[in-house]
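Each chain, written out:
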Amino acid sequence: KAGVTQTPRYLIKTRGQQVTLSCSPISGHRSVSWYQQTPGQGLQFLFEYFSETQRNKGNFPGRFSGRQFSNSRSEMNVSTLELGDSALYLCASSLGGAGVSTDTQYFGPGTRLTVL
Amino acid sequence: DAKTTQPTSMDCAEGRAANLPCNHSTISGNEYVYWYRQIHSQGPQYIIHGLKNNETNEMASLIITEDRKSSTLILPHATLRDTAVYYCIVRSRRVRTDKLIFGTGTRLQVFP
């Protein structure tokens, strides 16, 4: 079974631009989460989607947004890029589902975004 | 979710067992202990998780103390490829969310 895939793997943008990153979860997984990793702040949770609905959100400004499609693929968008948005953006997927349980999350390789 | 404390760094000789400790003294009864590792600039890799019993898989063993306030991840025969940052995460099984809270982790250096 193929793992989580993220595209593009590397991206260079300039301040003020916007960017869209894509994540394809493992087949059959319905939950997708996004994380930002920087040297200063470490790994931080951005948001989580399940069945095309945002289920949880981290403490990031509104410039960071996401969505999930009916096939569980997800995109995240960052508008008006700032130098501090330079980071490794990671996507993770799990089976998801309702009820109280903890599904294991599997991470993709990440997208390295550089803002100049 | 309970907070975890891990040593900043550890060394291990290749072929020896690597024992990585994690303190989670405020863990509650409905929280699991998860371990992930991240090899330089790659996505975190799931290793193992447990609730209160010791667990073993093809990658590692997880030993959780009886009071559940600490745990140890054991890599039985460390190789150079095990050099990575290891994260211990406590995660609630009552709340329906996949949010993981990462700490700073332990940087394990395996040397020849």
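In this numbering scheme, every chain counts its residues from 1 along its sequence in written order. Just so you know, chain letters begin at A and ligand numbers begin at 1, following the order they were written in. Per-residue local features are limited, in this predicted model, to residues with pLDDT of at least 70; the limit for side-chain atom pairs, both in listing and counting, is 80 or more; totals at the level of whole chains, interfaces and linings are taken over all residues. Side-chain measures were taken over the full set of non-hydrogen atoms in the model, leaving aside hydrogen atoms and water.

S.K.: Please clarify how the overall build of chain B should be interpreted in this entry.
M.R.: Counting its secondary structure elements, chain B contains zero helices and nine strands. Mapped in sequence order, the helices and strands of chain B form the string β-β-β-β-β-β-β-β-β. Here the globule rule is a power law, 2.2 Å times the number of residues to the power 0.38, and the radius of gyration is based on C-alpha atoms. Here the C-alpha atoms of chain B give a radius of gyration of 13 Å, agreeing with the 13 Å that 2.2 N^0.38 yields for 112 residues. Counting only C-alpha atoms, chain B reaches 45 × 30 × 25 Å along its principal axes. We call a residue buried when its accessible area falls under 20% of the maximum for its residue type, exposed when it is over 50%, and partly exposed in between, using a 1.4 Å probe and counting protein chains only. The buried share among the 112 residues of chain B stands at 46%. Pairs of residues are marked as contacts when any of their non-hydrogen atoms sit within 4.5 Å. Within chain B, counting contacts between residues at least 6 apart in sequence, those at least 24 apart form 57% of the total. All accessibility values rest on the Shrake-Rupley procedure with a 1.4 Å probe; residue burial counts only the protein chains present in the view. Carbon together with sulfur atoms contributes 49% to the accessible area of chain B, which is approximately 5,700 Å² in total. Helical segments are the DSSP runs of H or I of at least four residues, strand segments are the runs of E of at least two, and each set is numbered from the N terminus.

S.K.: Can you walk me through the sheet that holds strand E3 (residues 19-24) of chain A in this structure?
M.R.: All names here are of chain A. When DSSP finds two or more bridges between two strands, those strands count as paired. Taken in spatial order, the four strands of this open sheet run E1-E3-E8-E7, and their pairing is antiparallel. Two strands lie at the open edges of the sheet, namely strand E1 (5-7) and strand E7 (64-68), each paired on one side alone. Averaged over all adjacent pairs, the angle separating strand axes in this sheet is 20°, with direction ignored. Across five bridges, the pairing between E7 and strand E8 (residues 74-78) is antiparallel. Each residue of the ladder has a partner; that of Ser65, found in E8, is Asn77. Every axis in this analysis is a line fitted to C-alpha atoms, fitted for helices over the stretch in contact. Angles between the N-to-C directions lie between 0 and 180 degrees.

S.K.: What's the story with the interface of chain A and chain B in this structure? I'm lost.
M.R.: Interfaces are frequently sized by the accessible area removed from exposure as the parts join. Each partner contributes residues to the interface: chain A has 27 residues there, and chain B has 22 residues. One side-chain nitrogen of Lys or Arg within 4 Å of one carboxyl oxygen of Asp or Glu is enough to make a salt bridge. The interface formed by chain A and chain B contains zero salt bridges. Distance and chemistry together define a polar contact, namely a pair of N or O atoms within 3.5 Å, with one atom able to donate a hydrogen and the other to accept it when in protein, and with adjacent residues in sequence counting only for side-chain atoms on both sides. Inspection of the region where chain A meets chain B yields four residue pairs in polar contact (both at pLDDT 80 or more). When residues of the side of chain A that touches chain B are traced back to their parent elements, those giving at least two are strand E4 (31-38), strand E5 (42-50), strand E6 (53-57), strand E9 (87-94) and strand E10 (106-107) of chain A. Among the elements that take part in the side of chain A that touches chain B, E4(A) stands out by supplying four residues, more than any other. Looking at the side of chain A that touches chain B, its residues break down into ten nonpolar, 13 polar and four charged. Just so you know the grouping, Ala, Val, Leu, Ile, Met, Phe, Trp, Tyr, Cys and Pro go in nonpolar, Asp, Glu, Lys and Arg go in charged, and all remaining residues, Gly too, go in polar.

S.K.: Can you walk me through the environment of Gly16(A) in this structure?
M.R.: Residues and elements named next belong to chain A. Inspection of the secondary structure puts Gly16 in the loop between strand E2 (10-13) and E3. Judged by relative accessible area, Gly16 falls into the partly exposed class, the value being 48%. Separated by 63 residues in sequence, Gly16 and Ser79 have C-alpha atoms that sit 7.4 Å apart. Once you skip the residues sitting within four places of it in the chain, Gly16 turns out to touch Thr80 and Leu81.

S.K.: Would you explain the side chain of Gln38(B) in this entry?
M.R.: Within the fold, Gln38(B) resides in strand E3 (residues 31-38). Here Gln38(B) is in contact with Gln37(A), Leu43(A), Leu88(A), Leu90(A), Gly43(B), Pro44(B), Ala84(B), Val85(B) and Tyr87(B), once residues within four sequence places are set aside.

S.K.: Please explain the state of the cysteines as it appears in this structure.
M.R.: Formally, a disulfide is one covalent bond, and it connects the sulfur atom of one cysteine to the sulfur atom of another. Residue and element names in this part refer to chain A. Disulfides are defined as pairs of cysteine sulfur atoms found within 2.5 Å of each other. Here the structure, examined in full by the defined rule, presents two disulfides over all chains. What pairs with Cys23 in a disulfide is Cys91, and their sulfur atoms sit 1.7 Å apart. In this structure, the disulfide formed by Cys23 and Cys91 twists by about -50° around the S-S bond and is classed as left-handed. Highlighted residues: Cys23 in strand E3 and Cys91 in strand E9, separated in sequence by 68 residues.

S.K.: Help me understand the environment of Glu52(A) in this model?
M.R.: Residues and elements named next belong to chain A. Structurally, the position occupied by Glu52 is in the loop between E5 and E6. Between the alpha carbons of Glu52 and Phe69 there is a distance of 5.7 Å; along the sequence they are 17 residues apart. When sequence neighbours within four positions are dropped, the list of residues in contact with Glu52 reads Gln68, Phe69 and Ser70.

S.K.: I'm lost on the pattern of salt bridges in this one. Help?
M.R.: A side chain with one charge can pair with a side chain of the opposite charge if their charged atoms come near. Residues and elements named next belong to chain A. In total, this model carries six salt bridges over all chains according to the counting rule given. With a shortest N-O distance of 2.8 Å, Arg55 and Glu48 are connected by a salt bridge. For Arg55, a relative accessible area of 25% puts it in the partly exposed group. Between Arg63 and Glu82 there is a salt bridge; the shortest N-O distance is 3.6 Å. Residue Arg63 is found in the loop between E6 and E7, and its partner Glu82 is found in the loop between E8 and E9; the two are separated by 19 residues along the sequence. Its relative accessible area of 16% is what places Arg63 among the buried residues. On the accessibility criterion, Glu82 (41% relative accessible area) is partly exposed.

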